[in-house]
Amino acid sequence: MALQKLVWAELAVTDIDQALEFNIDVLGLREVSREGRKVYLSCDIDDPHAQLVLTDGGTGVRSFALGVDSEDELEQFEARLAVIGVTTERRSDAAPEQPTSVAFHLPTGQEVVLLPRPDRPLYRHPGFDTSSQRRGVGPADIDHITIAFSDDAEARAVAHVLTHGLGFKISDIFLNADDEWQAAWTRAGEVHHDVGLIRCQPGASLHHLAWTVDNMEHQKRAADTLASAGHLLETGPGRHGVGGNLYSYLWTPGGNRYELSAEMPRILGERTDPIVRKAGEFDAFSAWGATRPESFTHGS
Ligand SMILES: [Fe+2]
């Protein structure tokens, strides 16, 4: 029983037309299908499925999906979630041409969908370079999602569901001066984080949705592409202190923050205990001395 990774996220956007213009013309996604006020978009030329679902009205994340290897595994996750008191629901409408999935809500309200993806490639061959076939910013894949919480109890409750219900491991926990959770990074597999948690203002559901870019050269080209279309970065490019991935962040039309992420590290070995660090003793945001912007505690 194993989860693959984040396979899609559904974001609410304030203006679907503006959001589509940005996500298609500037980010370089393509429309896969639409159903009513939902539009399904893909960045991956190898994957027929959508990685992003945009829904008209509001901001933040409505739901996100993790791939599972087979339909049989859904039953095992249902049983595991039931043990910790999480109510699950069988869904037949979570994604186009995806007849079976299991959905439940996190204590912070976001819906998590477990989606059988037996056709997903086992790994990406490094020799198959798709960069010349991408448009705009041209991310290679959806990378990770960082959801918002507003107090310590919420963060711990979400982490409990992810670890005990889904088998996630916590890679890092970052504590504030009061020894409360300021942020945490959790993983489904062997990359440092698939689902992050960052303390934000009450009512927020999303801190950022991250897209995979190839390297620092891609970060530079992406920033140039964004700037020439009138979209300036909130912060970056830089390297995070926790995790160490390369980052750039921007607020996108529609009202949500995206990250462009490269060099996400892999976890060595089978350790399950997180690294715990504290504000004032370690710079979680930047490995290079960049100042975390004031706006970074704000989610959507
Ligand atoms: Fe991130």
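In this text, all values refer to a predicted model and were calculated from it rather than measured experimentally. (Residues numbered from 1 in each chain as written. Predicted model: local features only at pLDDT ≥ 70, side-chain atom pairs only at ≥ 80, totals over all residues. Heavy atoms only, no water.)

Chemist: Could you give me a rundown of the coordination of the iron ion, with the residues and numbers involved?
Modeler: On the protein side, the iron ion has His144 (NE2), His208 (NE2) and Glu259 (OE) as donor atoms, found 2.0 to 2.1 Å from it. Within one chain, the residues donating to the iron ion are spaced in sequence as H-x63-H-x50-E. One end of the pair, His208, is in strand β13 (residues 206-212); the other, Glu259, is in strand β16 (residues 256-262), with 51 residues separating them in the sequence. Residue class for His208 comes out buried when judged on its relative accessible area of 3%. (Donors = N, O, S within 2.8 Å, 3.2 Å for Na, K, Ca; no water. Helix = DSSP H or I, 4+ residues; strand = E, 2+ residues; numbered from the N terminus. Buried < 20%, exposed > 50% of the residue type's maximum accessible area, 1.4 Å probe, protein only.)

Chemist: Quick one: what's the story with the pattern of salt bridges, residue by residue and with numbers?
Modeler: Counted according to the given criterion, the structure contains 15 salt bridges. Between Arg266 and Glu190 there is a salt bridge whose closest N-O contact spans 2.9 Å. Here Glu190 lies in the loop between β11 (181-187) and β12 (195-199) and Arg266 lies in the loop between β16 and β17 (275-278), a separation of 76 residues in the sequence. Judged by its relative accessible area of 46%, Glu190 falls in the partly exposed class. Glu234 serves as the salt-bridge partner of Arg257, at 2.7 Å between the closest nitrogen and oxygen. Here Arg257 is found in strand β16, whereas its partner Glu234 is found in the loop between α4 (216-228) and β14 (235-239), with 23 residues between them in sequence. The burial state of Arg257 is the same as that of Glu234; both residues are buried. (Salt bridge = Lys/Arg side-chain N within 4 Å of Asp/Glu carboxyl O.)

Chemist: Just give me the short version of the nonpolar core, but keep the residues and values in it.
Modeler: Of all hydrophobic cores here, the largest spans 62 residues; its most connected members are Phe64, Leu114, Ile145, Leu166, Trp181, Leu209 and Trp211. The next biggest cluster of nonpolar side chains, apart from the first, holds 13 residues, and it includes Trp185, Ala204, Ala284 and Phe296. (Core = buried A, V, L, I, M, F, W, Y, C linked by side-chain atoms within 4.5 Å.)

Chemist: Account for the sheet that holds strand β15 (residues 246-252), naming residues and giving values.
Modeler: Within the open sheet, the nine strands sit side by side as β14-β15-β16-β13-β9-β12-β11-β10-β17. Their pairing is mixed. Both edges of this open sheet fall to β14 and β17, since each of them pairs with a single strand only. The average undirected angle you get between the axes of adjacent strands in this sheet is 20 degrees. Where β14 and β15 come together, three bridges link them in antiparallel fashion. When the sheet's bridge partners are listed, Thr235 is paired in β15 with Tyr249. (Pairing = 2+ DSSP bridges. Axes fitted to C-alpha atoms, helices over the stretch in contact; angles between N-to-C directions.)

Chemist: Run through the environment of Ser171, naming residues and quoting values.
Modeler: Along the polypeptide, Ser171 turns up in strand β10 (residues 169-175). Assessed through its relative accessible area of 5%, Ser171 is described here as buried. The sequence separation of Ser171 and Asp47 amounts to 124 residues, and the corresponding C-alpha distance is 28 Å. Those residues in contact with Ser171, other than ones at most four positions away along the chain, are Trp185, Thr186, Arg187, His192, Ile267, Pro274 and Ile275. There is a polar contact of 3.0 Å between the side chain of Ser171 and the side chain of Arg187. (Contact = heavy atoms within 4.5 Å. Polar contact = N/O pair within 3.5 Å; in protein donor to acceptor, adjacent residues only side chain to side chain.)

Chemist: Could you give an account of the sheet that holds strand β1 (residues 3-13), with specific residues and numbers?
Modeler: Taken in spatial order, the eight strands of this open sheet run β2-β3-β4-β1-β5-β8-β7-β6, and their pairing is mixed. Lying at the two open borders of the sheet, with one neighbouring strand each, are β2 (30-35) and β6 (89-91). Averaged over all pairs of adjacent strands, the angle between strand axes in this sheet comes to 25 degrees, irrespective of strand direction. Here strand β7 (residues 101-105) runs beside strand β8 (residues 111-116); their pairing, made up of four bridges, is antiparallel. Of the residues in β8, the one forming a bridge with His105 is Glu111. Packed on one face of the sheet, helix α1 (residues 16-26) meets β1, β2, β3 (38-42) and β4 (52-56) and runs near 160 degrees to β4.

Chemist: Break down the domain arrangement of the chain for me, citing the residues and quoting the values.
Modeler: A common measure of how large an interface is: the accessible area buried when the components associate. Domain assignment breaks the chain into domain 1 (3-116) and domain 2 (138-297). Each of domain 1 and domain 2 has a C-alpha centre, and these two points are 19 Å apart. Contacts between the two partners involve 40 residues from domain 1, matched on the other side by 41 residues from domain 2. Of all residues in domain 1, Leu6, Phe22 and Leu27 give up the largest surface area on contact with domain 2, accounting jointly for 18% of the area buried on that side. Counting every contact that joins domain 1 to domain 2 gives one salt bridge. The partner of Asp141 in a salt bridge is Lys5, with the nearest N and O atoms 3.5 Å apart. Taken together, the connections running from domain 1 to domain 2 amount to ten residue pairs in polar contact (both at pLDDT 80 or more). Put simply, the parts of the chain that give the side of domain 1 that touches domain 2 at least two residues each are β1, α1, β5 (60-68), α2 (72-83) and β8. If you tally residues by element for the side of domain 1 that touches domain 2, the top one is β1, at ten residues. Its residues assigned to classes, the side of domain 1 that touches domain 2 shows 27 nonpolar, ten polar and three charged. (Domains from an automatic or database assignment. Buried area = accessible area lost by both parts, 1.4 Å probe. Nonpolar A, V, L, I, M, F, W, Y, C, P; charged D, E, K, R; others polar.)

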